[in-house]
Amino acid sequence: MPSPHGGVIHAYQKYDPTNFPSPTQPPPDLVGPAFEHALAYGDFREFSEDELARAIRLDPSQIAGLGPTLDQLRELLEQRKRRILETYETSSVQKKARKALAKAAQSVPITAALRDRYQRAVREEQPYEIERLWYRVGDEQGPLASGLLRVSERMVEKHQIQELASKYEFTGQTSLTVPEALQVKEELEKIDELLRQLEEASKNAQLALIDMEMLSEFAQPGDMEQLEEMRRQVENLMREQAERQGLESDKQGGFRLTPKAYKIFQGRLLSRIFSQLQASRSGRHEGNVVGEGAVELQQTKPYEFGDSVANLDITQSVINAMLRQGTDEPLRLHSRDLVVHKTRNHPKCATCVIMDMSGSMRYDGQYIHVKRMALALQGLIQSEYPGDFLRFIEMYTFAKSRAAGEIVNMMPKPVTIHDPWVQLKADMSRDDMAESLIHPHFTNIQHSLRLARQHLAGVDTPNRQIVLITDGLPTAHFEDNWLYMLYPPHPRTEAATMREGALCMREGITINLFLIPSWSQSEEDIRFAYRLAESTRGRVFFTSGKDLDRFVVWDYISQRRDIIS
């Protein structure tokens, strides 16, 4: 039978071209794990190749045919394990271990003062109690100390052999000595660990998880060479994909996350968020609202009194005049010849996002969801609403403006005082009073609202809002230059917060409060959220932390749609 044209003519030994991944196949996600690590630990240091390989999860099909299959290595190890279990038995070695312990215990010249404790430790087989007796003796070189050491060693060996017999089911007939049994136990445990590593590597192609040195004790040299070659090829694949996704390599072999990686991660966040939109909802893209505005459309309409001449379609207006007048000269334009481009209302929106980084946000990883939300919102505005105003504020005992590039590094503040009742104040106008001297883990909503109001005051748009994300009541506030830190939450702090909220409402700034759950949240936290929303004519959202990015982004788009329509 003749060979069909266009098929695989020759397969190289290094890989199988029929299973090798296509260049058009979506690359593995290298940026996501690096960002998730940074969100959790606030550490954006460089990643080594090994660290990157351990963080990345590949599709196993992407390394198919690059070397010896992991199933072959797993079968080799399982065969070795079966051979060991079918060869030996452990009943006799357990008896030998018991006899060795009894012999060592009888040979110890124990003193009368320690005899009761010693006999109880031997009877209950407590090696730690034998160790305590050894410390009581004091003379490390004496016969009593040496005898206690031998008893402790025999006792540990007996426990390890009991663990061997209970953990593995031996079916052979060959007896073992105590040292041989300990060697068999070590070998079986290595095989189990390698099987676990191979199983994990088969799921996500993380070859860096495999201990090559340990595996070389069992695999053939030829297989090890092929596996090492496969590992190098996978590392090359990872390096190429990393550079494609914005991870920049340096001369030391590390990887840095570039702005391109930021955009990729934010795009994936938005894709995940919008993939959860139900079909019955209005969807992601907003419809055109025709009218006087800044965005010019392709469609035209006849000129009407009051239309801006800046949107005049000059070419079409001249053509209309020529069609009406013909070849007569000079060409004269009449008002009925004029056409203008239709426009779409596209007003700007100004937003300040206040992110709670007080001490309580560490619990259950709530701060990770807050930072993920901020990156998603920033990605949305950059890609779809580039004219909108967006600022981020970190809230703790103080309020600090943060650039988008600083969000990943933010972490909840450590709790530095654990008293159940705290009433502190500090004069921040003093020259010897620095922020580093102040307990950082309190929640200062009042100062955060003031800073957000100052940011929004100079924005030329009536559509201004504050997105306040917190897990509970305020515990700090400013009165002139005095900073108050009061716990449990004090009515004085709430009153100062409400006054700042009223100033925001007076300037036309809407406060949207997203209350996320916390271990310490109570009914009073929820009532405060209602009071702040009602007094400022704002809104309050109750949502779980893992859904925070979805609800904030959806609400932002909903508000933009309401503004335009």
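Above this note sits the structure.
Residues numbered from 1 in each chain as written. Predicted model: local features only at pLDDT ≥ 70, side-chain atom pairs only at ≥ 80, totals over all residues. Heavy atoms only, no water.

**Details of the overall build of the chain**
Within the chain one finds 17 helices and 13 strands. Relative to its 565 residues, the chain shows a buried fraction of 43%. Surface exposure of the chain reaches about 30,700 Å², of which carbon and sulfur atoms provide 50%. (Helix = DSSP H or I, 4+ residues; strand = E, 2+ residues; numbered from the N terminus. Buried < 20%, exposed > 50% of the residue type's maximum accessible area, 1.4 Å probe, protein only. Areas by Shrake-Rupley, 256 points an atom, 1.4 Å probe, with all protein chains shown as cover.)

**Considerations on the nonpolar core**
Core analysis: the biggest nonpolar cluster contains 40 residues, and Val 353, Val 370 and Ile 469 have the highest contact counts within it. Every element with two or more residues in this core is listed here: helix 1 (31-41), helix 11 (259-274), strand 5 (350-356), helix 13 (366-384), strand 6 (389-395), strand 9 (464-470) and helix 17 (548-564). When residues in this core are grouped by element, the largest group, 10 residues, is from helix 13. Beyond its immediate chain neighbours, meaning those up to four positions away, Val 353 contacts Met 373, Leu 377, Leu 390, Arg 391, Phe 392, Ile 393, Val 467 and Ile 469. Judged by nonpolar contacts, the second largest core, of 27 residues, contains Ile 354, Leu 451, Leu 456 and Leu 513. (Core = buried A, V, L, I, M, F, W, Y, C linked by side-chain atoms within 4.5 Å. Contact = heavy atoms within 4.5 Å.)

**Some words on the environment of Leu 133**
With respect to the helices, strands and loops of the structure, Leu 133 is situated in helix 6 (residues 127-137). Relative accessible area serves as the criterion here: at 1%, Leu 133 is assigned to the buried category. Discounting residues that sit within four places of it in the chain, Leu 133 has contacts with Leu 114, Arg 117, Tyr 118 and Leu 148.

**Here's the deal with the pattern of salt bridges**
If you walk through the whole model with that rule in mind, you get 25 salt bridges. Of the charged contacts, one joins Glu 500 and Arg 450 as a salt bridge, the two residues approaching to 3.8 Å between their closest N and O atoms. With Glu 500 in helix 15 (residues 491-506) and Arg 450 in helix 14 (residues 445-457), this residue pair connects regions lying 50 residues apart in the sequence. Overall, the relative accessible area of 25% leaves Arg 450 in the partly exposed class. Across the salt bridge formed by Glu 523 and Arg 527, the nearest N and O atoms sit 2.5 Å from each other. In this pair, Glu 523 and Arg 527 both sit in helix 16 (residues 523-536), four residues apart, roughly one turn of the helix. (Salt bridge = Lys/Arg side-chain N within 4 Å of Asp/Glu carboxyl O.)

**What about the packing of helix 15 against helix 16?**
Viewed as axis vectors pointing N to C, helix 15 and helix 16 meet at an angle of 30 degrees, and their least axial separation amounts to 9 Å. As judged from the angle between their axes, helix 15 and helix 16 are roughly parallel. For the pair helix 15 and helix 16, the crossing hand works out as right-handed. Here helix 15 contributes Glu 494, Thr 497, Met 498, Gly 501, Ala 502 and Met 505 to the contact with helix 16, which in turn contributes Glu 524, Phe 528, Arg 531, Leu 532, Ser 535 and Thr 536. Residue classes in the contact of helix 15 with helix 16 are distributed as five nonpolar, four polar and three charged. (Axes fitted to C-alpha atoms, helices over the stretch in contact; angles between N-to-C directions. Parallel < 35°, antiparallel > 145°, perpendicular 65-115°, else oblique. Left-handed = near helix turned anticlockwise from the far one by under 90°. Nonpolar A, V, L, I, M, F, W, Y, C, P; charged D, E, K, R; others polar.)

**Details of the side chain of Glu 494**
Within the secondary structure, Glu 494 is located in helix 15. Look at Glu 494 and you get buried, because its relative accessible area is 18%. Here the side chain of Glu 494 touches Arg 531 through a polar contact of 2.6 Å, side chain to side chain. Excluding anything up to four places from it in sequence, Glu 494 contacts Glu 524, Phe 528 and Arg 531. (Polar contact = N/O pair within 3.5 Å; in protein donor to acceptor, adjacent residues only side chain to side chain.)

**What to know about the sheet that holds strand 8 (residues 422-427)**
Taken in spatial order, the three strands line up as 8-11-10 in an open sheet, and their pairing is antiparallel. The open sheet is flanked by strand 8 and strand 10 (476-479), the only strands paired with a single partner. Geometrically, the sheet is characterised by an average inter-axis angle of 20 degrees between neighbouring strands, direction not taken into account. Two strands pair when backbone bridges link them, and strand 10 and strand 11 (residues 482-487) are joined in this way by four bridges, in the antiparallel orientation. Each residue of the ladder has a partner; that of His 477, found in strand 11, is Tyr 484. Lying on the sheet, helix 15 is in contact with strand 10 and strand 11; it crosses strand 10 at an angle near 65 degrees. (Pairing = 2+ DSSP bridges.)

**Quick notes on a nonpolar patch on the surface**
A contiguous nonpolar patch, built from Ile 526, Tyr 530 and Phe 542 and spanning about 270 Å² of accessible area, is present on the exposed surface. With respect to the helices and strands, the residue Ile 526 is situated in helix 16. With relative accessibility at 31%, the residue Ile 526 sits in the partly exposed group. (Patch = residues over 30% accessible without salt bridge, like charges linked within 9 Å, V, L, I, M, F, W, Y side chains within 5 Å.)

**A short note on the packing of helix 5 (residues 115-124) against helix 6**
Two elements in contact, helix 5 and helix 6, have axes whose closest approach is 9 Å; the angle formed by their N-to-C orientations is 155 degrees. Between helix 5 and helix 6, the angle falls in the class roughly antiparallel. Classified by chirality, the crossing of helix 6 by helix 5 is left-handed. On helix 6, the residues touching Arg 117, Tyr 118, Ala 121 and Val 122 of helix 5 are Glu 129, Ile 130, Arg 132, Leu 133 and Arg 136. A per-class count over the contact of helix 5 with helix 6 returns five nonpolar, no polar and four charged.

**Considerations on the sheet that holds strand 7 (residues 399-402)**
One key point about sheets: their strands pair by backbone hydrogen bonds, in either a parallel or an antiparallel sense. With respect to topology, six strands assemble into an open sheet ordered 7-6-5-9-12-13, the strand pairing being mixed. In this open sheet, the two edge strands, each paired with only one partner strand, are strand 7 and strand 13 (539-542). Along the sheet, successive strands turn relative to each other by an average axial angle of 20 degrees, direction set aside. Relative to strand 13, strand 12 (residues 509-515) runs parallel, the two sharing four bridges. Residue pairing across strands places Asn 512 opposite Arg 539, the latter belonging to strand 13. Helix 13 rests against strand 5, strand 6 and strand 9 of the sheet, and its axis sits at about 170 degrees to strand 6.

**Describing the packing of aromatic side chains**
Applying the stated criterion to the full structure yields five aromatic pairs. Between Tyr 396 and Phe 398, the ring centres sit 6.2 Å apart and the planes meet at 65 degrees, which makes this aromatic pair edge-to-face. What makes Tyr 396 buried here is its relative accessible area of 5%. Judged by centre distance (5.5 Å) and plane angle (50 degrees), the ring pair of Tyr 530 and Phe 542 falls under tilted. A residue pair is termed long-range when its members are at least 10 positions apart, and Tyr 530 in helix 16 and Phe 542 in strand 13 qualify at 12 residues. Classification of Tyr 530 as partly exposed rests on a relative accessible area of 41%. Taken together, the ring pairs in this structure connect Tyr 396, Phe 398 and Phe 478 into an aromatic cluster. One Lys or Arg, Lys 413, reaches over the ring of Tyr 396 and ends 4.5 Å from the middle of that ring. Above the plane of the ring of Tyr 484 lies Arg 492, whose end atom (NZ or CZ) is 4.4 Å from the centre. (Phe/Tyr/Trp six-rings, centres within 6.5 Å; stacked < 30°, edge-to-face > 60°. Lys NZ or Arg CZ within 6 Å of the ring centre and 35° of its normal.)

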